[in-house]
Amino acid sequence: DAGVIQSPRHEVTEMGQEVTLRCKPISGHDYLFWYRQTMMRGLELLIYFNNNVPIDDSGMPEDRFSAKMPNASFSTLKIQPSEPRDSAVYFCASSPTYNEQFFGPGTRLTVL
Amino acid sequence: QKEVEQDPGPLSVPEGAIVSLNCTYSNSAFQYFMWYRQYSRKGPELLMYTYSSGNKEDGRFTAQVDKSSKYISLFIRDSQPSDSATYLCAMRDTGNQFYFGTGTSLTVIP
């Protein structure tokens, strides 16, 4: 298995633009998580899905952030409009059991 | 006060040394305890997880949990240069929320 796949690996955009991050989980994993990592705040859980259904989005910082999982093999995290403080590394992780999470390589987002 | 406190280091040790990494927490509701290893510019990789007080061993790694003191540790025996990474502790509460430490940077010098 190729593991969790994320795209793009790097994204540089200007303030106010829409940003879409993509994730392909490991086949057969029922849980999918989106995290954000910064030096100041560390790793923060934004939202997680179980069987494509959003279960807990309490970590989503603002209405500018939205996440979808239209099927078992694809999820997106969208930021609209983006702001410089959104600059971070965004990770997607999937899990067969909730606890045992497998992380993707991350998307490094820079908002100018 | 943060839910999970972790000394950021950096920690530098000679090859072969025993490494001790630690986290403290304040929430008695935490039930599951995990350690992740993260290499530079990579995603975190799960090393170990446990849900009870006591020790759990896996090769050169031992995870220790002391719920009464709200303290967890990861010990690495016979440390290798390939162990050089950032180590993150993580905890899960009864409400299924995860909380991560900010990570300890470890360098093992050959």
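This is a predicted model, so every value here is computed, not measured.

Thresholds, definitions, all that
- Residues numbered from 1 in each chain as written.
- Chains lettered and ligands numbered in written order.
- Predicted model: local features only at pLDDT ≥ 70, side-chain atom pairs only at ≥ 80, totals over all residues.
- Heavy atoms only, no water.
- Phe/Tyr/Trp six-rings, centres within 6.5 Å; stacked < 30°, edge-to-face > 60°.
- Lys NZ or Arg CZ within 6 Å of the ring centre and 35° of its normal.
- Core = buried A, V, L, I, M, F, W, Y, C linked by side-chain atoms within 4.5 Å.
- Buried < 20%, exposed > 50% of the residue type's maximum accessible area, 1.4 Å probe, protein only.
- Helix = DSSP H or I, 4+ residues; strand = E, 2+ residues; numbered from the N terminus.
- Disulfide = S-S within 2.5 Å.
- Pairing = 2+ DSSP bridges.

A. Region of interest: the packing of aromatic side chains. Here the structure, examined in full by the defined rule, presents 18 aromatic pairs over all chains. Pairwise contacts between aromatic rings join Tyr31(A), Phe33(A), Tyr35(A), Tyr48(A), Phe91(A), Tyr98(A), Phe103(A), Tyr36(B), Phe98(B) and Phe100(B) into one cluster. When the ring centre of Tyr49(B) is taken as origin, the NZ or CZ atom of Lys56(B), which lies over that ring, is 5.3 Å away.

B. Focus on the nonpolar core. One finds Trp35(B), Ile72(B), Leu74(B), Tyr87(B) and Met91(B) to be the most contacted residues of the largest nonpolar core, which totals 24 residues. Residue assignment for this core shows that the elements contributing at least two residues are β3 (19–25), β4 (32–38), β5 (45–50), β7 (61–66), β8 (71–76), β9 (85–92) and β11 (104–109) of chain B. Core analysis: the second largest hydrophobic core is formed by 21 residues, Val19(A), Ile26(A), Leu46(A) and Ala88(A) among them.

C. The arrangement of the state of the cysteines in detail. All names here are of chain A. Under the criterion given, the structure shown has 2 disulfides over all chains. A sulfur-sulfur distance of 1.9 Å marks the disulfide that ties Cys23 to Cys92. Measuring handedness by torsion sign, the sulfur bridge of Cys23 and Cys92 sits at about -65° and is left-handed. Of this pair, Cys23 sits in strand β3 (residues 19–24) while Cys92 sits in strand β9 (residues 88–95), placing them 69 residues apart in sequence. You can call Cys92 buried: its relative accessible area is 0%.

D. Highlighting the pairing of strand β6 (residues 54–58) of chain B. Residues and elements named next belong to chain B. In this sheet, β7 lies alongside β6 in antiparallel orientation, the contact comprising 5 bridges. Opposite Asp58, over in β7, you have Phe61 as the bridge partner. Linkage of β6 to β7, two consecutive antiparallel strands, is achieved through a turn of 2 residues, within which Gly59 is found at a positive phi near 65°.

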